[in-house]
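Below are the chains, spelled out letter by letter.
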Amino acid sequence: MKVTLETLREKKAAKQPAVGVSCYTAPDASLSAEAGVDFIVVGDSLAMTLLGFDSTLPATMEMMELFVAAARRGLTGDHVPLVVGDMPLGSYQPSDEIAVVNACRLVQAGADIVKIEGCTPLILSRIKAISEAGIGVVAHLGLQPQQKALVGGWRVQAKTATEAVALEGDCNNVEHAGAVVMLIEAVPAEVAALIVARTDVPIYGIGAGPGVDGQLLVMSDLVGEFRAFKSRFAKRFGNVSEVKAKALADYATAVRAGSFPDAETSYNMDPIEAGKLK
Ligand code: KIV
């Protein structure tokens, strides 16, 4: 089954939480689909989790296209999650036209819809322009990692009543601009739940508590592979780092002990050819 925006709206109406994962490679997209995940975000978090940068800011359109296409190639089974392509810093800020061109590039690479951060008048104009070009937009509110320098790092947002009311206003504004889904990051659970109750489009949370229409986690956080730091909300459901570290240590030990490669993992010549060679 192909998950569509309609599927996500139906889930919201039926109060069934949607499950989302940020991932970027064909194997991870394939595993996510097999697990029945509803949507995949090919996020600019890949700059940190895959490419080793210390923020999402260095992500480029070329990187995003490469990984959107890779994730899409992993979706070969019957269940096909909705693919959200994340628009990196600089790909939508300059003008409505540039934002539309770059949204089209992500769709041509394999995204179903695109995600952009923020809610300033400039961003509302971009949401409107991309939507009017026929491409669905996910509005990313709350903590916006592309604004790291402005907001002073990765901090919980909307902690005061005034900020909570402002966030609700932002949600209304992006909805009116045409956003088809909202993603709110790192806000108190009470605030997120209140906004969800007053909004028609699906609202997903990452670090926004249980009262939203669905959850998103970054694959390398949830499988326990990203080790640079751990956000409070990034629950580790596995420990892939330990599995990889043990496999690597066992491999090194086997090579040094001469037990790898062995007969089973080596190729041999036909005996006649081997004789000739001697
Ligand atoms: O880049 C990303 O993976 C994201 C999610 C964490 C929201 O933007």
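Rules used in this analysis
- Residues numbered from 1 in each chain as written.
- Predicted model: local features only at pLDDT ≥ 70, side-chain atom pairs only at ≥ 80, totals over all residues.
- Heavy atoms only, no water.
- Helix = DSSP H or I, 4+ residues; strand = E, 2+ residues; numbered from the N terminus.
- Buried < 20%, exposed > 50% of the residue type's maximum accessible area, 1.4 Å probe, protein only.
- Contact = heavy atoms within 4.5 Å.
- Areas by Shrake-Rupley, 256 points an atom, 1.4 Å probe, with all protein chains shown as cover.
- Lys, Arg positive; Asp, Glu negative; His and termini not counted.
- Charge placed at Lys NZ, Arg CZ, Asp CG, Glu CD.
- 1 Å grid on protein atoms, 1.4 Å probe; cavity = no way out; pocket = protein on both sides within 12 Å on 5 of 7 lines; lining within 4 Å.
- Points joined across faces, edges and corners; volume = space filled by probe spheres on them.
- Near = heavy atom within 4 Å.
- Polar contact = N/O pair within 3.5 Å; in protein donor to acceptor, adjacent residues only side chain to side chain.
- Sits in = over half its atoms within 2 Å of the grid points.
- Nonpolar A, V, L, I, M, F, W, Y, C, P; charged D, E, K, R; others polar.
- Axes fitted to C-alpha atoms, helices over the stretch in contact; angles between N-to-C directions.
- Parallel < 35°, antiparallel > 145°, perpendicular 65-115°, else oblique.
- Left-handed = near helix turned anticlockwise from the far one by under 90°.
- Core = buried A, V, L, I, M, F, W, Y, C linked by side-chain atoms within 4.5 Å.
- Pairing = 2+ DSSP bridges.
- Right-handed = clockwise from strand over helix to strand, strands pointing away.
- Phe/Tyr/Trp six-rings, centres within 6.5 Å; stacked < 30°, edge-to-face > 60°.

Caption draft 1: Examining the overall build of the protein chain more closely. Scanning the protein chain for helices and strands turns up 12 helices and 8 strands. Taken along its principal axes, the extent of the C-alpha atoms in the protein chain is 80 × 40 × 35 Å. Relative to its full complement of 278 residues, the protein chain shows a buried share of 47%. Restricting the contact set of the protein chain to residue pairs at least 6 apart, pairs at least 24 apart contribute 59%. Put simply, the protein chain shows about 14100 Å² of open surface, and 59% of that area lies on carbon and sulfur atoms. Each charge class in the protein chain can be summarised by its mean position, and for the 25 positive and 32 negative side chains these summaries are 5 Å apart.

Caption draft 2: Focus on empty space enclosed by the protein. With the rule as written, the count across this model stands at 1 cavity of 30 Å³ or more. Reported here for the largest cavity is a volume of approximately 70 Å³. Lining of the largest cavity is provided by Leu-8, Phe-39, Val-41, Leu-82, Val-84, Ile-113, Lys-115, Val-138, Val-181, Met-182, Leu-183 and Tyr-204. When contributions to the lining of the largest cavity are tallied by element, the ones reaching two or more residues are β2 (39-42), β3 (82-86), β4 (113-117) and β6 (181-185).

Caption draft 3: Just the site of the ligand, in detail. Taken together, the neighbourhood of the ligand is formed by Ser-22, Gly-43, Asp-44, Ser-45, Asp-86, Lys-115, His-140, Leu-183, Ile-206, Leu-216 and Val-218. Within the side chain of Lys-115, one N or O atom sits 2.8 Å away from an oxygen atom of the ligand. Here the ligand has 250 Å² of accessible area as a free molecule, and 95% of this is covered by the chains. If you map the ligand onto the pockets, it falls in the largest pocket. Across the shell around the ligand, the residue classes break down as 4 nonpolar, 4 polar and 3 charged.

Caption draft 4: Structural context of the packing of helix α6 (residues 121-132) against helix α8 (residues 161-177). Their axes nearest at 8 Å, the elements α6 and α8 cross at an angle of 30°. By the angle between their directions, the pair α6 and α8 is classed as roughly parallel. The element α6 and its partner α8 pack so that their crossing is right-handed. Every residue of α8 that contacts α6 at Leu-124, Ile-127, Lys-128 and Ser-131 is listed here: Asn-173, Val-174 and Ala-177. Of the residues belonging to the contact of α6 with α8, the class tally is 4 nonpolar, 2 polar and 1 charged.

Caption draft 5: Structural detail: the nonpolar core. Counting residues in hydrophobic clusters, the biggest one holds 79 residues, and the most contacted among them are Val-42, Ile-127, Ile-130 and Val-174. Element by element, the count of residues in this core is highest for helix α4 (residues 61-73), at 6 residues. If near-sequence neighbours (up to four positions away) are discounted, Ile-130 is found in contact with Met-87, Ala-99, Val-100, Ala-103, Val-114, Ile-116, Ile-135 and Val-137.

Caption draft 6: Just the pairing of β4, in detail. Summarising burial for β4: 5 of the 5 residues are buried, a large majority. Of the two faces of β4, both are covered, the one formed by Ile-113, Lys-115 and Glu-117 as well as the one formed by Val-114 and Ile-116. In this structure, β3 lies alongside β4, joined through 3 bridges in parallel fashion. Looking across to β4, one finds that Asp-86 is bridged to Lys-115. A crossover links β3 with its parallel partner β4, the connecting element being helix α5 (residues 96-109), and its sense is right-handed. Note: β4 against strand β5 (residues 137-142), 4 bridges, orientation parallel. Directly across from Lys-115, in β5, lies its bridge partner Val-138. Chirality of the crossover, the property in question, places the unit of β4, α6 and β5 among those that are right-handed.

Caption draft 7: Quick peek at the side chain of Lys-115. If you trace the backbone, Lys-115 turns up in strand β4. Only 3.1 Å separates the side chain of Lys-115 from the side chain of Asp-86, close enough to count as a polar contact. Side chain to side chain, Lys-115 and His-140 meet in a polar contact 2.6 Å long. Once residues within four sequence positions are removed from consideration, Lys-115 is found in contact with Val-41, Val-84, Gly-85, Asp-86, Met-87, Val-138, His-140 and Leu-183.

Caption draft 8: Up close: the packing of aromatic side chains. Going through the model one piece at a time under the given rule, you end up with 3 aromatic pairs. Here Phe-226 and Phe-229 contribute two aromatic rings whose centre-to-centre distance is 5.5 Å and whose plane-to-plane angle is 85°, an arrangement assigned as edge-to-face.

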